[in-house]
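Now for the letters of each chain:
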Amino acid sequence: QFVEDTAMDIYLRIDAAPGETLSSIEFQQTEAIMRLIDRLAFDHIAVVTMPEVTLSANRSSIDEPNGAVTISATLSHPFNQAVTVDLGVSGTAGAGDYNLSSSQIIIPPGSTVGSVVLAAVDDGFDEPNETVVVEIAAILNGVEVGVQQQTVTIVDNDMPPTVELAVDNSSI
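Quick caveat: nothing in here was measured; it's all calculated off a predicted structure.

## Quick look at the overall build of the protein chain
Helices and strands together make up the secondary structure of the protein chain, namely one helix and twelve strands. Here the analysis covers contacts within the protein chain between residues at least 6 apart in sequence; of these, 65% occur between residues at least 24 apart. When the accessible surface of the protein chain is summed, it comes to about 11200 Å², and 52% of that surface belongs to carbon and sulfur atoms.

In structure tokens, the structure reads:
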């Protein structure tokens, strides 16, 4: 919590439970905070900018039965720790209509992109095209820029059933 900023003194209060060790502190980078850091006599303090995470897809629709799309999480800059992106899935498609290779994208330290694959499953049912919405549910070591989600349409390949009607004229 920022307490005071004057030309002579800058105070920063960090609330922690007794005996609690803080390994990192997140704050918005402002001129006052930068002046505070400049005045501290600790060599081990560094300002780390968390990478921003965006989600993209290389296609917006896939066909039954063999269509696939790559869903990628991209960082605004490389980071010195792994970034974990937990994915949430919704939409009109049921769990049996697709396979998602993983519910997490893990981007290794120093990298900027990680991906998973969403593949359509042939269900054998004639049905309307269905959607799968993949979105960021949570991020470790990064921040989401707005709402990040990708919608993929699964295009049905099944023919509608045929109905035949037979009439026996002899019993009319």
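There's more to say after this.
## Let's talk about the sheet that holds strand β5 (residues 68–75)
Within the open sheet, the five strands sit side by side as β7-β9-β5-β3-β11. Their pairing is mixed. Each end of this open sheet is capped by a strand with a single partner; those strands are β7 (98–100) and β11 (143–144). Pairing geometry for β5 and strand β9 (residues 113–120), over seven bridges, is antiparallel. Counterpart to A68 in the pairing with β9 is A119.

## Comments concerning the nonpolar core
If you look at the biggest cluster of nonpolar residues, it comprises 23 residues, and the most contacted ones within it are V85 and I105. The element that contributes the greatest number of residues to this core is β5, accounting for four residues. With near-sequence residues (within four places) excluded, I105 lies in contact with L55, I71, S72, A73, V83, T84, V85, L87, G114, S115 and V116.

## Quick notes on the pairing of β5
Both strand β3 (residues 52–57) and β5 contribute to a ladder of five bridges, which runs antiparallel. Residue pairing in the sheet places L55 in a bridge with A73 of β5.

## Remarks on the confidence of the model for the protein chain
Per-residue confidence for the protein chain averages 81 on the pLDDT scale, and 71% of its residues sit at or above 70. When pLDDT is averaged over each element of the protein chain, strand β8 (residues 104–107) comes out on top at 98 and strand β1 (residues 2–5) at the bottom at 46. Here residues 1–10 scores under 50 on pLDDT; set against residues more than four positions off or in separate chains, the count is 22 contacts.

## Observations regarding the environment of T112
For T112, the location among the structural elements is in the loop between β8 and β9. Expressed as a C-alpha distance, the spacing of T112 and A82, which sit 30 residues apart in the sequence, is 10.0 Å. Once you skip the residues sitting within four places of it in the chain, T112 turns out to touch A73, T74, L75, H77, P78 and I107.

## Structural notes on the sheet that holds strand β6 (residues 83–90)
Within the open sheet, the five strands sit side by side as β4-β12-β10-β6-β8. Their pairing is mixed. Because the sheet does not close on itself, it has two edges, and the strands there are β4 (61–63) and β8. Here the strands of the sheet are splayed against their neighbours by 25 degrees on average, with no regard to which way each runs. Both β6 and β8 contribute to a ladder of four bridges, which runs antiparallel. Considered in β8, the bridge of T84 is made with I106.

## Re the pairing of β9
The side-chain alternation of β9 yields one buried face, formed by G114, V116, L118 and A120, and one unburied face, formed by V113, S115, V117 and A119. In this structure, β7 lies alongside β9, joined through three bridges in antiparallel fashion. Across the sheet, Y98 pairs through a bridge with A120, a residue of β9.

## Overview of the side chain of S72
Counting through the fold element by element, S72 comes out in strand β5. S72 gets classed as buried once you look at its relative accessible area, which sits at 14%. A polar atom in the side chain of S72 sits 2.8 Å from the side chain of S115. For S72, the residues in contact, after removing those within four places along its chain, are T54, L55, S56, I105, V113, G114 and S115.

## Let's talk about unusual backbone geometry
The omega torsion across E64 and P65 is 0 degrees, close enough to zero to call that bond cis. If you trace the backbone, P65 turns up in the loop between β4 and β5.

The rules we used
Residues numbered from 1 in each chain as written. Predicted model: local features only at pLDDT ≥ 70, side-chain atom pairs only at ≥ 80, totals over all residues. Heavy atoms only, no water. Helix = DSSP H or I, 4+ residues; strand = E, 2+ residues; numbered from the N terminus. Contact = heavy atoms within 4.5 Å. Areas by Shrake-Rupley, 256 points an atom, 1.4 Å probe, with all protein chains shown as cover. Pairing = 2+ DSSP bridges. Core = buried A, V, L, I, M, F, W, Y, C linked by side-chain atoms within 4.5 Å. Buried < 20%, exposed > 50% of the residue type's maximum accessible area, 1.4 Å probe, protein only. pLDDT = per-residue confidence, 0-100. Axes fitted to C-alpha atoms, helices over the stretch in contact; angles between N-to-C directions. Polar contact = N/O pair within 3.5 Å; in protein donor to acceptor, adjacent residues only side chain to side chain.

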